[in-house]
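# Results of the structural survey
Next come the chains, spelled out residue by residue.
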Amino acid sequence: MTRINTPFNAKTTAAEILVGVDLTGRRIIVTGGASGIGLETVRALRGAGAEVTVATRNPTGDQRALDLSDLGSVRAFVAGWTGPVHAIVANAGIMALPTRQVAANGWELQLATNFLGHFALITGLYENLRQAGDARVVMVSSGAQLRAPFDFDDPHFEHRPYDPWAAYAQSKTADVLLAVGLARHWAADGVTANAFEPGYIHTNLQRHLDEAAMRAVGAMDEEGNLVTPDYYKTPEQGAATSVLLAASPLLDGVTGRFFSDNQEAEVVPGGPDATAGVAAWSVDPAAADRLWDYALTATADR
């Protein structure tokens, strides 16, 4: 299968992706669209004419309430939606909680928010996506998926020692596997799904990181001031691949793939030495099928 290349690069902005693209009549949901790259995704899509619904924990104005760690909230959102959905951008997320936290139903909070809540939302809106005829699902993953496969034996860290980055990594691996699973299950229904990593960006996602962690990636100086290394992106640049996958005609019919810097990424062995690409475990069809079955059971029981 030939890897997809586009005319864009790591510094392309979300608005530049959609130059000449008319999204009038397209209805799109962006979770976590009130800040960071989610906000820039919303701005670019609306700028091209789309009707965008921002789903967020603390809604204001015309935004809609959605707490992905609470299945009751997810189900209320789904029940309140009518008509087609042309795209869902699963953007909301949390990262590297320093201590193990659980949702009310016992789920580890990163897995609940980053993956299981999105799974419940997307599958709950299946008929609405199918009604659109050419719907897209975009999973916002991370380069962290290179660090850990999904642990089917202990996904909620009930038995193994909790590690903030291992928990984050497996949740982001799960996001990629969901795109693969959606491609395998829903392609005949006209629904495509892809995942991507936005890269390094200063956003609220880093709010749980201590100063040592920020210095380690070159994003903070010794006085505690934020700095922006050359490899960092602006939020407008970080949102570009999200918009590419959600709305660019260049991705018509493309499904089950992983992107970085607006290009399809190479499949590589995951592990501590991996610096780029998508881990083989993140796009493994057998793991995607197993995760699909696990998530169906998990979200049905809670």
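None of these values were measured; they are calculated from a predicted model. (Residues numbered from 1 in each chain as written. Predicted model: local features only at pLDDT ≥ 70, side-chain atom pairs only at ≥ 80, totals over all residues. Heavy atoms only, no water.)

## Comments concerning the sheet that holds strand β6 (residues 192-197)
Heads up, the rule is: One requirement defines pairing of two strands: DSSP has to find at least two bridges between them. Segments assigned H or I by DSSP are reported as helices when at least four residues long, segments assigned E as strands when at least two residues long, and all are numbered from the N terminus. We call two residues in contact whenever any of their non-hydrogen atoms come within 4.5 Å of each other. To obtain an axis, a line is fitted to C-alpha atoms, over the contacting stretch when the element is a helix, and the angle between two such axes runs from 0 to 180 degrees between their N-to-C directions.
With respect to topology, 8 strands assemble into an open sheet ordered β3-β2-β1-β4-β5-β6-β7-β8, the strand pairing being mixed. Sheet topology places β3 (64-65) and β8 (263-264) at the edges, where each strand pairs with a single neighbour. Where strand β4 (residues 87-90) and strand β5 (residues 136-140) come together, 4 bridges link them in parallel fashion. Looking at the pairing, A87 lines up with R136 of β5. Packed on one face of the sheet, helix α9 (residues 240-247) meets β4, β5, β6 and β7 (257-260) and runs near 160 degrees to β5.

## Concerning the pattern of salt bridges
Quick reminder of the rule: Each reported salt bridge corresponds to a side-chain nitrogen of Lys or Arg within 4 Å of a carboxyl oxygen of Asp or Glu.
All chains considered together, the criterion is met by 12 salt bridges. Among the salt bridges present, the one from K172 reaches D175, with a minimum N-O distance of 3.5 Å. Here K172 and its partner D175 are both found in helix α6 (residues 164-186), 3 residues apart, which amounts to about one turn of the helix. The network of salt bridges with common partners includes D151, D154 and R160.

## Topic: α9
Rule in force here: Burial classes follow relative accessibility: with a 1.4 Å probe on protein chains only, a residue under 20% of its type's maximum area counts as buried, one over 50% as exposed, and anything between as partly exposed.
For α9, the buried fraction is high: 8 of the 8 residues fall into the buried class. Taken as a whole, α9 has its buried residues at A240, T241, S242, V243, L244, L245, A246 and A247.

## Details of the packing of aromatic side chains
So the rule is basically this: Centres within 6.5 Å make a pair out of two Phe, Tyr or Trp rings, where for Trp the six-membered ring is used; the pair is then stacked when the planes are under 30 degrees apart, edge-to-face when over 60, and tilted otherwise. The rule is short: NZ of Lys or CZ of Arg within 6 Å of the ring centre and within 35 degrees of the ring normal puts a charge over the ring.
In this structure the tally under the stated criterion is 10 aromatic pairs. With a centroid separation of 6.1 Å and 50 degrees between ring planes, the pair formed by F115 and F119 is classed as tilted. Separated by 4 residues within a single helix, F115 and F119 lie in helix α4 (residues 109-124), roughly one turn from each other. An aromatic cluster is present here, built from F115, F119, Y126, W186 and W292 joined pairwise through their rings. Looking at R64, its charged tip hangs above the ring of F77, at a distance of 4.2 Å from the centre.

## Remarks on unusual backbone geometry
Of note, D261 is a non-glycine position whose phi angle comes to about 55 degrees, a positive value. Following the sequence through the fold, D261 ends up in the loop between β7 and β8. Positive phi, normally seen in glycine, also occurs at N262, with a value near 70 degrees. With relative accessibility at 1%, the residue N262 sits in the buried group.

## Re the side chain of T56
Tracing the sequence through the fold places T56 in strand β2 (residues 51-56). Residue classification places T56 among the buried positions, given a relative accessible area of 13%.

## A short note on the nonpolar core
Heads up, the condition is: To define a nonpolar core, start from buried Ala, Val, Leu, Ile, Met, Phe, Trp, Tyr and Cys residues and group those joined through side-chain atoms within 4.5 Å.
By size, the foremost hydrophobic cluster in this structure holds 53 residues, and its most contacted members are F115, I122 and L129. Elements with a contribution of two residues or more to this core: α3 (71-79), β4, α4, α5 (126-132), β5, α6, β6 and α10 (285-301). Beyond its immediate chain neighbours, meaning those up to four positions away, I122 contacts I88, L129, V137, M139, L178, L182 and W186. Core analysis: the next-biggest nonpolar cluster, separate from the first, contains 33 residues, F8, I28, L45 and L245 among them.

## Some remarks on α4
Stated formally: What we call the bend at a residue is the angle made by axes fitted to the seven residues finishing there and the seven residues starting there.
Most pronounced at L116, the bend in α4 amounts to some 35 degrees. Counting buried positions along α4 yields 14 of 16 residues, so the element is predominantly enclosed.

## Thoughts on the pairing of β7
Neither face of β7 is open: one carries R257 and F259, the other F258 and S260, and all of them are buried. Across 2 bridges, the pairing between β7 and β8 is antiparallel. Across the sheet, residue F259 finds its bridge partner in β8, namely E264. In this structure, the hairpin formed by β7 and β8 is closed by a connection of 2 residues, where D261 is found at a positive phi of approximately 55 degrees.

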